[in-house]
Amino acid sequence: MFISTRGDSTKITASEAILYGIAKDSGLYVIDNMPHLDMPLENLVMLDYKNMAYEILKLFLDDFSKEEIVDCIDKAYDSKFDDERIAPLVKFSDYYFLELFHGKTLAFKDMALSILPHLMRVAKNKQDLKKEIIILVATSGDTGKAALEGFRDVDGIKVIVFYPINGVSNIQKLQMQTQEGKNTFAIGIEGNFDDAQTEVKKIFNDEGFNKELDKKGYVFSSANSINIGRLIPQIVYYFYAYASMVKDKYIDIYEKINITVPTGNFGNILAAYIAKKMGLPVNKLICASNSNKVLYDFFRSKVYDKDRDFVTTMSPSMDILVSSNLERLLFMISQDAKKTKLFMEELYKTGKYEFDFDLSEFYGEFADEKETLDSIKKVFELGYLIDTHTAVAVSAYDKYVKKTNDLTKNLIVSTASPYKFPEDVLSAILSLNKSYENYEAIKALSDVSKTNIPNNIKDIFDKEVFHKAICKTYEMKQCIKDIVLEI
Ligand SMILES: *Cc1c(COP(=O)(O)O)cnc(C)c1O
């Protein structure tokens with residue numbers, strides 16, 4: 001069963017939590033009793049991705065039948081992925097990379113957003129919800145496209161994505177603007193991701209607006225990682241990565257590993273933390289930030305302080321100052337909803353709070369822009385091409401080892417294909433000062449690195465742009481009204 005992080009103790013089922021996205025008291029849903037694997041690790045590591053997904057998901061999806069879960073998994077992890085392992089592990093030097101970008105939109109968001117639409121469809125039937133669902137998404141670049149693609153042409157659901165018009169990469173922007181599907185809407189906003197996320201949360205909690213839509217037969221839900229339906233599928237690949245390390249004989253079974261995660265909204269690393277709580281042998285979780293290093297400061301000082309300049313970096317999906325899922329961590333560690341609520345109120349009012357609990361399972365590090373480029377070059381010289389986000393993780397991990405001498409084997413979560421950020425990746429690996437644009441950059445990257453251009457972006461520059469709308473943050477609500485009323 002699921003409860004809110006802010007004290008509303010009504011226990012609800014998985015299908016309700018997935019359907020409603022956010023609790024009535026503005027808290028996030030968390031599982032009230034952490035499940036443990038009901039299969040020995042020795043057996044679990046032998047499973048393929050789909051079977052492993054079933055073993056994990058069934059522990060959380062309390063009101064889903066076996067057939068329903070298996071059906072969702074089958075529909076999600078199929079040939080949409082261009083590698084049949086779904087989440088392959090590759091090793092270069094002492095780096096173990098978990099590649100999570102083999103889905104349709106070339107970023108790790110596909111791992112959860114391939115299955116969320118199916119979970120939501122089942123949940124909608126289960127709750128006998130007749131209303132049309134409007135999925136609101138604030139994106140820092142990758143969630144938007146993955147949600148549009150995942151929910152495209154799903155009956156009874158519409159998806160509206162808000163992205164910072166000046167805060168995403170060219171490819172990310174084009175991926176969203178060229179989205180097909182009758183039920184998809186992508187709107188640029190003049191603001192950053194935090195502005196978009198704050199406004200979306202406000203709209204979720206706007207009672208009057210919700211009532212108005214309700215009368216017209218609509219209800220809001222979320223495909224951001226505030227939705228527990230996003231987090232649960234992300235737990236699977238941590239077990240799968242561990243299994244790959246065992247099968248490839250990089251580690252002995254039950255040997256502890258460290259995991260480094262390039263972090264923005266704290267969803268991906270929280271899934272790793274949940275995996276650890278479920279029994280995955282993990283030592284440290286290394287939280288890697290870019291120049292927006294709120295989390296680095298937090299793990300150092302226990303003070304979360306968002307009051308600082310927002311920096312636009314070459315790892316835009318991590319350009320975030322208010323990491324939503326940290327609220328879940330505060331609750332899980334403190335086990336105190338009252339305090340969690342207070343922290344969130346302080347954050348809202350003063351921009352900061354101090355969390356006086358043990359955070360030693362985590363280690364915060366960060367990489368600036370130069371260090372990010374240096375890491376891309378360093379790893380490229382080892383024979384492997386990484387994107388800007390993964391490079392932040394590599395850099396953070398290197399710093400961690402230097403400072404701690406901890407040589408525990410470390411998994412680096414590789415969150416995006418380098419082809420999503422071809423200009424920056426090229427500038428890191430080429431000493432030339434020439435800058436490439438558009439398709440030229442993708443082509444040059446392929447030539448220089450001798451890797452293939454992923455099929456899903458091959459023709460992106462030839463596609464029709466359908467979504468051109470731009471609005472200001474305060475106009476987002478009106479935008480939604482226009483779309484919903486027009487339908
Ligand atoms: C979303 C994203 C991140 C950050 O993940 P969180 O779950 O928000 O911490 C990192 N890298 C890439 C490529 C992403 O798309």
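Whatever comes next refers back to the structure up there.
Residues numbered from 1 in each chain as written. Predicted model: local features only at pLDDT ≥ 70, side-chain atom pairs only at ≥ 80, totals over all residues. Heavy atoms only, no water.

Looking at the pairing of strand 14 (residues 410–414)
Each regular strand displays side chains that alternate between the two surfaces of the sheet. Counting buried residues in strand 14 gives five out of five residues, a clear majority hidden from the surface. Neither face of strand 14 is open: one carries Asn-410, Ile-412 and Ser-414, the other Leu-411 and Val-413, and all of them are buried. Of the pairings in the sheet, the one linking strand 4 (residues 95–99) to strand 14 comprises four bridges and is parallel in character. The residue of strand 14 that forms the bridge with Tyr-96 is Leu-411. One ladder, built from three bridges, connects strand 9 (residues 257–262) with strand 14; its direction is parallel. (Buried < 20%, exposed > 50% of the residue type's maximum accessible area, 1.4 Å probe, protein only. Helix = DSSP H or I, 4+ residues; strand = E, 2+ residues; numbered from the N terminus. Pairing = 2+ DSSP bridges.)

With respect to the site of the ligand
Around the ligand, a shell composed of 15 residues is seen, among which Lys-109, Asp-142, Gly-264, Asn-265 and Asn-268 lie nearest. Between the ligand and Gly-267, the relevant distance is 3.2 Å, taken from an oxygen atom to a main-chain nitrogen or oxygen of the residue. For the ligand, whose free accessible area comes to 380 Å², the fraction covered by protein is 98%. Assessed atom by atom at 2 Å from the grid points, the ligand resides in the largest cavity. A breakdown of the residues in the shell around the ligand according to their chemical character gives five nonpolar, eight polar and two charged. (Near = heavy atom within 4 Å. Polar contact = N/O pair within 3.5 Å; in protein donor to acceptor, adjacent residues only side chain to side chain. Areas by Shrake-Rupley, 256 points an atom, 1.4 Å probe, with all protein chains shown as cover. 1 Å grid on protein atoms, 1.4 Å probe; cavity = no way out; pocket = protein on both sides within 12 Å on 5 of 7 lines; lining within 4 Å. Sits in = over half its atoms within 2 Å of the grid points. Nonpolar A, V, L, I, M, F, W, Y, C, P; charged D, E, K, R; others polar.)

Things to note about the side chain of Ser-289
Among the structural elements, Ser-289 can be located in strand 10 (residues 282–289). Under the relative-accessibility criterion, Ser-289 is labelled buried at 1%. Once residues within four sequence positions are removed from consideration, Ser-289 is found in contact with Thr-263, Leu-295, Tyr-296, Met-318, Glu-365, Phe-366, Ala-367 and Val-392. (Contact = heavy atoms within 4.5 Å.)

Digging into the sheet that holds strand 5 (residues 132–138)
Within the open sheet, the five strands sit side by side as 8-5-6-7-15. Their pairing is parallel. Single-partner strands in this sheet number two, and they are strand 8 (218–222) and strand 15 (470–472). Pairwise comparison of adjacent strand axes, ignoring direction, gives a mean angle of 30 degrees for this sheet. Sheet analysis places strand 6 (residues 157–164) next to strand 7 (residues 184–190), joined by six bridges and oriented parallel. Across the sheet, Phe-162 pairs through a bridge with Ile-187, a residue of strand 7. Sheet strands touched by helix 7 (residues 142–151): strand 5, strand 6 and strand 7. Its angle to strand 6, the strand with the most contacts, is close to 165 degrees. (Axes fitted to C-alpha atoms, helices over the stretch in contact; angles between N-to-C directions.)

Observations concerning unusual backbone geometry
Excluding glycine, most residues fall at negative phi; most peptide bonds, likewise, are trans. A positive phi angle is found at Ile-86, which is not glycine, with a value near 70 degrees. With a relative accessible area of 4%, Ile-86 lands in the buried category. In the Ramachandran plot, Asp-128 falls in the positive-phi region, its phi being about 55 degrees despite a non-glycine side chain. By secondary structure assignment, the location of Asp-128 is in the loop between helix 6 (116–126) and strand 5.

Some points on the nonpolar core
In this structure, Tyr-238, Phe-239, Ile-259, Phe-266, Tyr-353 and Leu-411 are the most contacted members of the largest nonpolar core, which totals 116 residues. For this core, the element with the most residues is helix 11 (residues 228–247), which contributes 14 residues. Among all residues touching Phe-239, those that are not within four sequence positions of it are Leu-37, Leu-44, Met-52, Ile-56, Ala-275, Met-278 and Leu-280. Among the nonpolar cores identified, the runner-up in size contains 43 residues, and Tyr-95, Ala-107, Leu-174 and Ile-460 belong to it. (Core = buried A, V, L, I, M, F, W, Y, C linked by side-chain atoms within 4.5 Å.)

A closer look at the packing of aromatic side chains
In the structure shown here, the tally under the stated rule is 26 aromatic pairs. Look at Tyr-77 and Phe-81: their rings are 5.7 Å apart centre to centre, the planes differ by 45 degrees, and that puts the pair in the tilted class. Both residues of the pair, Tyr-77 and Phe-81, count as buried. On the numbers, 5.3 Å between centres and 35 degrees between planes, the contact of Phe-343 with Tyr-353 is tilted. Placement of Phe-343 in helix 15 (residues 337–350) and of Tyr-353 in strand 12 (residues 352–354) is noted, with a sequence separation of 10 residues between them. For the pair shown, Phe-343 and Tyr-353 are each scored as buried. Put simply, the rings of Phe-266, Tyr-273, Phe-298, Phe-299, Tyr-304, Phe-343, Tyr-353, Phe-355, Phe-357 and Phe-362 touch in pairs and so form one group of aromatic residues. Across from the ring centre of Phe-366, 5.2 Å away, lies the NZ or CZ of Lys-293, which sits over that ring. The ring of Tyr-363 has Arg-300 lying over it, and the distance from NZ or CZ to the ring centre is 5.3 Å. (Phe/Tyr/Trp six-rings, centres within 6.5 Å; stacked < 30°, edge-to-face > 60°. Lys NZ or Arg CZ within 6 Å of the ring centre and 35° of its normal.)

Some points on the environment of Val-322
Relative to the helices and strands, Val-322 resides in the loop between strand 11 (303–305) and helix 14 (326–334). The contact partners of Val-322, leaving out residues within four places of it in the chain, are Asp-194, Gln-197, Asn-265, Tyr-304, Lys-306 and Leu-347.

Re the sheet that holds strand 10
The six strands are arranged 3-4-14-9-10-13 in an open sheet whose pairing can be described as mixed. Here the strands that pair on one side only, and so sit at the sheet edges, are strand 3 (89–92) and strand 13 (362–366). With direction set aside, neighbouring strand axes in the sheet form an average angle of 25 degrees. Bridge count for strand 3 against strand 4 is four bridges, and the pairing is antiparallel. Opposite Lys-91, over in strand 4, you have Tyr-96 as the bridge partner. Each of strand 9, strand 10, strand 13 and strand 14 is contacted by helix 12 (residues 267–277), which is oriented at about 175 degrees to strand 10, the strand it contacts most.

Remarks on the packing of helix 3 (residues 49–60) against helix 11
For the pair helix 3 and helix 11, the least separation of the axes is 9 Å and the interaxial angle reads 135 degrees. When the axes of helix 3 and helix 11 are compared, the pair comes out oblique. In this structure, helix 3 meets helix 11 at a crossing whose hand is right-handed. Taking contact as the criterion, the partners of Tyr-49, Met-52, Ala-53, Ile-56, Leu-57 and Phe-60 in helix 3 are, on helix 11, Ile-232, Pro-233, Ile-235, Val-236, Tyr-237, Phe-239, Tyr-240 and Ala-243. For the contact of helix 3 with helix 11, the class distribution of residues is 14 nonpolar, no polar and no charged. (Parallel < 35°, antiparallel > 145°, perpendicular 65-115°, else oblique. Left-handed = near helix turned anticlockwise from the far one by under 90°.)

These figures capture arrangement, not role.
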